[in-house]
Amino acid sequence: MHNIKVITTTTEMQEYSDRMRNLGKTVAFVPTMGFLHEGHLSLIKEGRKLGDNLVVSIFVNPSQFSPGEDFESYPRDFDKDFELLQKESVDVIFYPDKNDLYRDGFQTYVELKNLPKHLCGISRPIFFRGVATIVIKLFNIVRPHIAIFGSKDYQQLAVIRRMVRDLNFDIKIVGFPTVREPDGLAMSSRNTYLTPEQRINALSLYKSLKQSKKLVESGSKDAKKIIDAAYTLIKSYPETVIDYIAICDPETLDDMETVDRPALMALAVNVGKTRLIDNMIL
Ligand code: PAF
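Residues numbered from 1 in each chain as written. Predicted model: local features only at pLDDT ≥ 70, side-chain atom pairs only at ≥ 80, totals over all residues. Heavy atoms only, no water.

(A) Structural detail: the overall build of the chain. Helix and strand counts for the chain come out as nine helices and nine strands. Here the C-alpha radius of gyration of the chain, 19 Å, is about what a compact globule of 282 residues would show, namely 19 Å. Oriented by its inertia axes, the alpha-carbon framework of the chain measures out at about 55 × 40 × 40 Å. Counting only residues that meet the buried cut, the chain has 54% of its 282 residues in that class. (Helix = DSSP H or I, 4+ residues; strand = E, 2+ residues; numbered from the N terminus. Rg over C-alpha atoms; globule rule 2.2 N^0.38 Å. Buried < 20%, exposed > 50% of the residue type's maximum accessible area, 1.4 Å probe, protein only.)

(B) The site of the ligand, seen in detail. Every residue lining the ligand is accounted for by Pro 31, Thr 32, Met 33, Asn 61, Gln 64, Val 131, Ile 134 and Gln 156. Here Gln 64 contributes a side-chain N or O atom positioned 2.7 Å from an oxygen atom of the ligand. Compared with its free state, where it exposes 280 Å², the ligand has 89% of that area covered by protein. Breaking the shell around the ligand down by element, the ones donating at least two residues are β2 (27-32) and α6 (127-142). Of the residues contributing to the shell around the ligand, the split by class is four nonpolar, four polar and no charged. (Near = heavy atom within 4 Å. Polar contact = N/O pair within 3.5 Å; in protein donor to acceptor, adjacent residues only side chain to side chain. Areas by Shrake-Rupley, 256 points an atom, 1.4 Å probe, with all protein chains shown as cover. Nonpolar A, V, L, I, M, F, W, Y, C, P; charged D, E, K, R; others polar.)

(C) Structural view of the layout of surface pockets. Quantified by volume, the second largest pocket comes out at close to 320 Å³. Among the residues forming the lining of the second largest pocket, the class breakdown is six nonpolar, three polar and six charged. (1 Å grid on protein atoms, 1.4 Å probe; cavity = no way out; pocket = protein on both sides within 12 Å on 5 of 7 lines; lining within 4 Å. Points joined across faces, edges and corners; volume = space filled by probe spheres on them.)

(D) Spotlight on the sheet that holds strand β3 (residues 53-58). The strand order across the open sheet formed by six strands is β1-β4-β3-β2-β5-β6, and the pairing between neighbours is parallel. Among the strands making up the open sheet, the edge pair consists of β1 (5-7) and β6 (172-176). When the angles between neighbouring strand axes are averaged without regard to direction, this sheet yields 25°. Relative to the sheet, helix α1 (residues 10-22) contacts β1, β2, β3 and β4 (92-94), its axis offset from that of β1 by approximately 130°. Packing against the sheet, α6 makes contact with β2, β3, β4, β5 (146-150) and β6, and its axis sits at approximately 145° to β2. (Pairing = 2+ DSSP bridges. Axes fitted to C-alpha atoms, helices over the stretch in contact; angles between N-to-C directions. Contact = heavy atoms within 4.5 Å.)

(E) Representation of the nonpolar core in the model. Ranked by internal contacts, the top residues of the largest apolar core, which has 47 residues, are Met 13, Phe 139, Ile 160 and Ile 173. Counting only elements with at least two residues in this core, the list comes to α1, β2, β4, α6, β5, α7 (154-166), β7 (240-248) and β8 (264-271). The leading source of residues in this core is α6, at eleven residues. Those residues within four positions of Phe 139 in sequence are excluded, and the remaining contacts are Phe 29, Pro 144, Ala 147, Phe 149, Ile 160, Val 164, Phe 169, Ile 171 and Ile 173. Formed by 28 residues, the second largest nonpolar core is a distinct cluster that contains Leu 205, Ala 230, Leu 233 and Val 259. (Core = buried A, V, L, I, M, F, W, Y, C linked by side-chain atoms within 4.5 Å.)

(F) The sheet that holds β7, seen in detail. Across the sheet, which stays open at both edges, the three strands sit in the order β7-β8-β9 with antiparallel pairing between neighbours. At either end of the open sheet lies a strand with only one pairing partner, and these are β7 and β9 (274-281). With strand direction ignored, the average angle separating the axes of adjacent strands in the sheet is 10°.

(G) Fine view of a negative patch on the surface. Negative charge collects at one region of the surface, where Asp 222, Asp 254, Asp 255 and Glu 257 lie side by side. Relative to the elements of secondary structure, Asp 254 occurs in the loop between β7 and β8. Take Asp 254: its relative accessible area is 40%, and that puts it in the partly exposed class. (Patch = residues over 30% accessible without salt bridge, like charges linked within 9 Å, V, L, I, M, F, W, Y side chains within 5 Å. Salt bridge = Lys/Arg side-chain N within 4 Å of Asp/Glu carboxyl O. Lys, Arg positive; Asp, Glu negative; His and termini not counted. Charge placed at Lys NZ, Arg CZ, Asp CG, Glu CD.)

(H) Geometry of the packing of α1 against α6. Between α1 and α6, the shortest axis-to-axis distance is 7 Å and the interhelical angle comes to 55°. Classified by the angle between their axes, α1 and α6 sit oblique to one another. Between α1, through Thr 10, Met 13, Gln 14 and Ser 17, and α6, the contact on the second element is made entirely by Asn 140, Ile 141 and Val 142. (Parallel < 35°, antiparallel > 145°, perpendicular 65-115°, else oblique.)

(I) View of the packing of aromatic side chains. Here the structure, examined in full by the defined rule, presents eleven aromatic pairs. Here the guanidinium or amino end of Arg 76 rests over the ring plane of Phe 71, the centre of that ring lying 5.1 Å away. One residue, Arg 129, lies across the ring of Tyr 109, its end atom 3.9 Å from the ring centre. (Phe/Tyr/Trp six-rings, centres within 6.5 Å; stacked < 30°, edge-to-face > 60°. Lys NZ or Arg CZ within 6 Å of the ring centre and 35° of its normal.)

(J) Focus on the environment of Leu 50. With respect to the helices and strands, the residue Leu 50 is situated in helix α2 (residues 38-50). The exposure class assigned to Leu 50 is partly exposed, which follows from its relative accessible area of 32%. Distance from Leu 50 to Thr 26, taken between C-alpha atoms, is 8.1 Å for residues 24 residues apart in sequence.

If you want it as structure tokens, here you go:
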């Protein structure tokens, strides 16, 4: 059985990474909030290929949840995660305590100027500040050469790439394609909240993306018309409340009116009480 190390303190994590770096080893890193699914495992498998040492963090980060969001009820199952990570031959699980990461008097946050003004940042105003802050902290603690993120959270990946460039972090950011269930639903820890009926309705996100891609392939260029068709499709499924559907520039996330070059279509939909996101390049 692979011997996996669980590190719970920031000091021990930094010391471990420094030791590995001094030995000339490449440290690959996959940050997660746990409750791992196939999507995470694909990032972890990629990390296994890219680094001599693979660190996976499990930390449900309070600063990226607004009051009233699901921080308390976010699914957690460390024992199951541990088992899965052991099978993937991960070297280290970094499993810190909230009070170690956010010590008394904590008051320093990382904020991006423009990227969070789009898409999820509109209805989740502190989300990207929380993500940017925890990811920078984890980078300083885990000190990786390479970090791997999923593309389902496209805006998060864009924020992290921008921040790494802007703040001169010497870390290679790898974006990995979205992993889907056989019927197309993007994998997410939050899918476990869905009832069997909601699970069917949740498929409307993927269906609307596929419909939009087809429209573009058959010559449609008018973003508003494509978005309207996606609204109609999703609204025909019960229990769906659309937060946003956008067609935008894949780098700046600024809205596009005409799809005359590769465009990102991104959407967030509440299915019952569960907020789901998905995206596709058109
Ligand atoms: O994508 C996630 O799971 C989280 O946002 C991350 C990157 C681990 C930061 O808490």
